[in-house]
Amino acid sequence: MRFAKRLDAVPPYLFAELERKIAEKRREGVEVISLGIGDPDLPTPEPVVEALAEAARDPSTHQYPSNQGSEEFRTAGADFYRERFGVELDPASELVPALGGKEAVGHVCLALLDPGDICLSPDPGYPPYTSGPLFSGAEVHYLPLEEANGFLPELDAVPQEVAARANLLFLNYPNNPTGAIVQPGYFEQAIEFARRHDLAVVHDNAYSEICFDGYRAPSFLETPGAKEVGIEIFSPSKGWNMTGWRSGIVAGNAEIVEHFRQLKTNLDSGMFEAVQHATVAALTEARDFPREMSEVYRRRRDLVAEALAAIGLPVEPPRATPYFWVRVPEGYTSESFAGLVLEQAGVVVSPGPAYGPSGEGFFRISLTVPDDQLQVAVRRIETSLQAGILKT
Ligand SMILES: Cc1ncc(COP(=O)(O)O)c(C=O)c1O
């Protein structure tokens, strides 16, 4: 049997070796604590669960849904965008459901990229910004995110010949994995860049609802001209603890929305209507729930910031996202540090290069574990470092 080459084109999964080591540690009886994955530990809010249960008992939800989404879903999405971001969307043409942000990232590539095209993807970045373009037969040109630039890609540094072949630019603020937020004027620059090079901007807005210290993340679509050049992918996964539900919204430029919808009529048959009802409940009845979650993550963030400072790993505490992006101590690579933290402290952190080559020298900590476990994890790392065990 022969398999398609496109799977070989995707960079090797950097967690594979780490996962092998985790399994080995667990077999040895070590209680491994994972700060590796950004999957909320707390349950989905009750009104959302109720809405699902009720809708699932209604047989009218049991048939194929449409890829357009129900009118109720599209209206709730448009109302949310108006009330939360001040963005006007036509529910009939500028918004459709997606089966989670990840699905949207992958399929929007199939809708926008041909073989020979270039996709501009942030590095470090969410891995589907690499696999999506590669599966479409396109090339990826990485835009390094550097601390000195606030982890915002320097668009003027994109070589002319690359920009000329690029048809898609991915942006993501608040950002995974760096926790960075967008700076005023940046989205304007991105729109100008997109116009100049006739390409689409896809802003992945997975984290706008997890913010701290009074910060409220904007939508890309708030920026004048955004709808002319791009779309935004919104997801309730992180704000409403709904990662398992596979729900999301693609909103903005009507032509891109329509091409995405058309593509998906050939690939999936839409979002289960009961999940659409549940998503409506999240965006209406449970609208303020992400503020509660943000408070939980703020508490955990402060705890981790204090612990990292105590062990001499200086960090700027993030103002959004449940992530810390931390430089590894001198003498380590990302992988050797992640390996040693697992070996000596029984704690999993994500090595930076899992998000792209510019992630080398960093590791990511996720705050999506209960406070008590987080406390144990940072204490274990602290003890290992102070005891000098974590030395090459
Ligand atoms: C930047 C980014 N986009 C999208 C997603 C996927 O979210 P969803 O659960 O909606 O597929 C994630 C999940 O970690 C993410 O970090």
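None of these values were measured; they are calculated from a predicted model.

Caption draft 1: Here's a closer look at the sheet that holds strand 9 (residues 323-327). Spatial strand order, 9-12-11: three strands in an open sheet with antiparallel pairing. Two strands close off the open sheet at either side, each with one partner strand: strand 9 and strand 11 (350-351). Here strand 9 runs beside strand 12 (residues 362-366); their pairing, made up of five bridges, is antiparallel. Pairing of Trp 325 across the sheet is with Arg 364, part of strand 12. With respect to the sheet, helix 12 (residues 289-310) is in contact with strand 9 and strand 12, its orientation differing from that of strand 9 by roughly 10°.

Caption draft 2: Quick look at the site of the ligand. Of all residues adjacent to the ligand, which total 14 residues, the nearest are Gly 101, Asp 204, Tyr 207, Ser 237 and Lys 238. Within the side chain of Asn 176, an N or O atom sits 2.8 Å from an oxygen atom of the ligand. Separating an oxygen atom of the ligand from a side-chain N or O atom of Arg 246 is a distance of 2.7 Å. For the ligand, whose free accessible area comes to 400 Å², the fraction covered by protein is 92%.

Caption draft 3: Looking closely at the pairing of strand 6 (residues 200-205). Counting buried residues in strand 6 gives six out of six residues, a clear majority hidden from the surface. Neither face of strand 6 is left uncovered, since the one carrying Ala 200, Val 202 and Asp 204 and the one carrying Val 201, His 203 and Asn 205 both have all their residues buried. Note that strand 5 (residues 166-171) and strand 6 share four bridges and pair parallel. Across the sheet, Phe 170 pairs through a bridge with Val 202, a residue of strand 6. For the crossover that starts at strand 5, traverses helix 8 (residues 186-197) and ends in the parallel strand 6, the hand is right-handed. In this sheet, strand 7 (residues 230-234) lies alongside strand 6 in parallel orientation, the contact comprising five bridges. Counted as the bridge partner of Val 201 is Gly 230 from strand 7.

Criteria and thresholds
Residues numbered from 1 in each chain as written. Predicted model: local features only at pLDDT ≥ 70, side-chain atom pairs only at ≥ 80, totals over all residues. Heavy atoms only, no water. Pairing = 2+ DSSP bridges. Helix = DSSP H or I, 4+ residues; strand = E, 2+ residues; numbered from the N terminus. Contact = heavy atoms within 4.5 Å. Axes fitted to C-alpha atoms, helices over the stretch in contact; angles between N-to-C directions. Near = heavy atom within 4 Å. Polar contact = N/O pair within 3.5 Å; in protein donor to acceptor, adjacent residues only side chain to side chain. Areas by Shrake-Rupley, 256 points an atom, 1.4 Å probe, with all protein chains shown as cover. Buried < 20%, exposed > 50% of the residue type's maximum accessible area, 1.4 Å probe, protein only. Right-handed = clockwise from strand over helix to strand, strands pointing away.

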